[in-house]
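This is what each chain is made of:
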Amino acid sequence: NGGGVIYLNASGDVRISGVLDASGTDDSTTDGHAGGGAGGSIYIPCRTFSGSSGLLRADGGSCFYYNSWFYGGGGSGGMIAIVAGAAVAQTNAPASTVQFSAQHGAGWDSGSRGTVYLNDRTFLSPVLMEGVHIVSGFTNWIVSSLLVTNGWATFLDTRADIDVTNDVTLIGGYARLELLKGSSL
C-alpha cells in the first residue's frame, strides 16, 4: 500500500519534535511477486516552521527479500513540502534541526527517490540525508560546510547563490549537487 497524506494547514507556528510518517508499506506477500508501496505526501503550509530531533518521512516500501534475492520492485519515495508564509517571523524562529527522508524502497528495480521542497533556507541542514532530493524555494544559502551522502540537492532558481566557507563533500555514487545555469557556488 502507498503512504497516506499528512496535511497540516497551520495559520501559526509549527514545531516538530517527533515523527510524521507517510511511508509506503513493505511487500507483505510470501511469494515475492508484489512490490513496495510508494511514499505518500506531507504538506505543511504555516507561519513559521521549526523543530528539534524531529523527522518527516515519506519513504517508499521495500519488496519481498528471500534467499539473497529481491523479487519485486521498491516503491518510489514520496513528497514533502514545507511552505512558511512569514519570512520576517521565520528569521526570528528557532533554528530547525528536523530531518527529512523520502527514500525509495529496496527491490529488484527500485523506484525513484522522493522530493523535499523547502521555501526557506533555515529549514535545510548542511548535512543532507541519504535518499533525499532537495528542491529549494530560496536564492541564497550560507553554510560553513556541506555534506551530501547519496542524496541530491537541487537549487531551482537561476540566481541561486550557495556560499560554503569550508568543504563541500559528496559521498556515494548517488550524491549530486545541482545548480541551474546562472547560479553560483
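Residues numbered from 1 in each chain as written. Predicted model: local features only at pLDDT ≥ 70, side-chain atom pairs only at ≥ 80, totals over all residues. Heavy atoms only, no water.

1. Quick look at the overall build of the chain
Along the backbone of the chain there are 1 helix and 19 strands. For the chain, with 185 residues in total, the buried portion stands at 43%. Across the chain, contacts joining residues at least 24 apart in sequence account for 59% of those joining residues at least 6 apart. Entry remark: accessible area of the chain is about 9200 Å², with carbon and sulfur atoms responsible for 51%. (Helix = DSSP H or I, 4+ residues; strand = E, 2+ residues; numbered from the N terminus. Buried < 20%, exposed > 50% of the residue type's maximum accessible area, 1.4 Å probe, protein only. Contact = heavy atoms within 4.5 Å. Areas by Shrake-Rupley, 256 points an atom, 1.4 Å probe, with all protein chains shown as cover.)

2. Observations regarding a nonpolar patch on the surface
Nonpolar side chains collect at one region of the surface, where Val5, Tyr7 and Tyr43 lie side by side and expose about 330 Å² of accessible area between them. Here tyrosine 7 lies in strand β1 (residues 5-7). (Patch = residues over 30% accessible without salt bridge, like charges linked within 9 Å, V, L, I, M, F, W, Y side chains within 5 Å. Salt bridge = Lys/Arg side-chain N within 4 Å of Asp/Glu carboxyl O.)

3. Concerning unusual backbone geometry
Even without a glycine there, the phi angle at serine 53 is positive, about 55 degrees. Along the chain, serine 53 falls in the loop between β5 (48-51) and β6 (55-57).

4. Description of the pairing of strand β9 (residues 79-84)
Here strand β4 (residues 41-46) pairs with β9 via 6 bridges, running parallel. Each residue of the ladder has a partner; that of isoleucine 44, found in β9, is isoleucine 82. The sheet contact formed by β9 and strand β11 (residues 114-118) spans 4 bridges and is parallel. The residue bridging isoleucine 82 from the neighbouring strand is leucine 118, located in β11. (Pairing = 2+ DSSP bridges.)

5. A closer look at the sheet that holds strand β3 (residues 19-21)
Strand order in this open sheet of 3 strands is β3-β6-β10, and the pairing throughout is parallel. Whereas interior strands pair on both sides, the edge strands pair on one side only; in this sheet they are β3 and β10 (99-101). For this sheet the average axis-to-axis angle between neighbouring strands, irrespective of direction, equals 10 degrees. (Axes fitted to C-alpha atoms, helices over the stretch in contact; angles between N-to-C directions.)

6. Describing the pairing of strand β2 (residues 13-16)
Of the two faces of β2, the one lined by Val14 and Ile16 is fully buried and the one lined by Asp13 and Arg15 carries no buried residue. Pairing geometry for β2 and β5, over 4 bridges, is parallel. Counted as the bridge partner of arginine 15 is serine 50 from β5.

7. Thoughts on the packing of aromatic side chains
The relation between two aromatic rings is expressed through the spacing of the ring centres and the mutual angle of the planes. With the rule as written, the count across this model stands at 3 aromatic pairs. One aromatic cluster in this structure is built from Phe49, Phe100 and Phe123. (Phe/Tyr/Trp six-rings, centres within 6.5 Å; stacked < 30°, edge-to-face > 60°.)

8. Quick word on the nonpolar core
Core analysis: the biggest nonpolar cluster contains 32 residues, and Phe49, Leu56, Ile82 and Phe100 have the highest contact counts within it. Listing elements by their share of this core, those giving two or more residues are β2, β4, β9, β11, β14 (140-143), β15 (146-149), β16 (152-155) and β17 (161-164). Once residues lying within four places of it in the same chain are set aside, the contact partners of isoleucine 82 are Ile44, Phe49, Leu56, Phe100, Tyr117, Leu118, Asn119 and Phe123. (Core = buried A, V, L, I, M, F, W, Y, C linked by side-chain atoms within 4.5 Å.)

9. Observations regarding the confidence of the model for the chain
Taken over all residues, the pLDDT of the chain has a mean of 82, while the share at 70 or more is 85%. At the level of individual helices and strands, the chain shows its lowest average pLDDT in helix α1 (residues 87-92), which scores 61, and its highest in β1, which scores 97. (pLDDT = per-residue confidence, 0-100.)

10. Here we look at the environment of leucine 124
Here leucine 124 lies in the loop between β11 and β12 (127-128). A relative accessible area of 7% places leucine 124 in the buried class. When the C-alpha atoms of leucine 124 and glutamine 99 are compared, they prove to be 8.5 Å apart, with 25 residues separating the residues in sequence. Not counting chain neighbours up to four residues away, the residues in contact with leucine 124 comprise Leu118, Ile134, Phe138, Trp141 and Phe155.

11. So, the pattern of salt bridges
On inspection of all chains with the given rule, the structure shows 4 salt bridges. Across the salt bridge formed by aspartate 21 and arginine 57, the nearest N and O atoms sit 3.3 Å from each other. Of this pair, aspartate 21 sits in strand β3 while arginine 57 sits in strand β6; the two residues are 36 residues apart in sequence, bridging distant segments of the chain. By relative accessible area, which is 26% here, arginine 57 ends up partly exposed.

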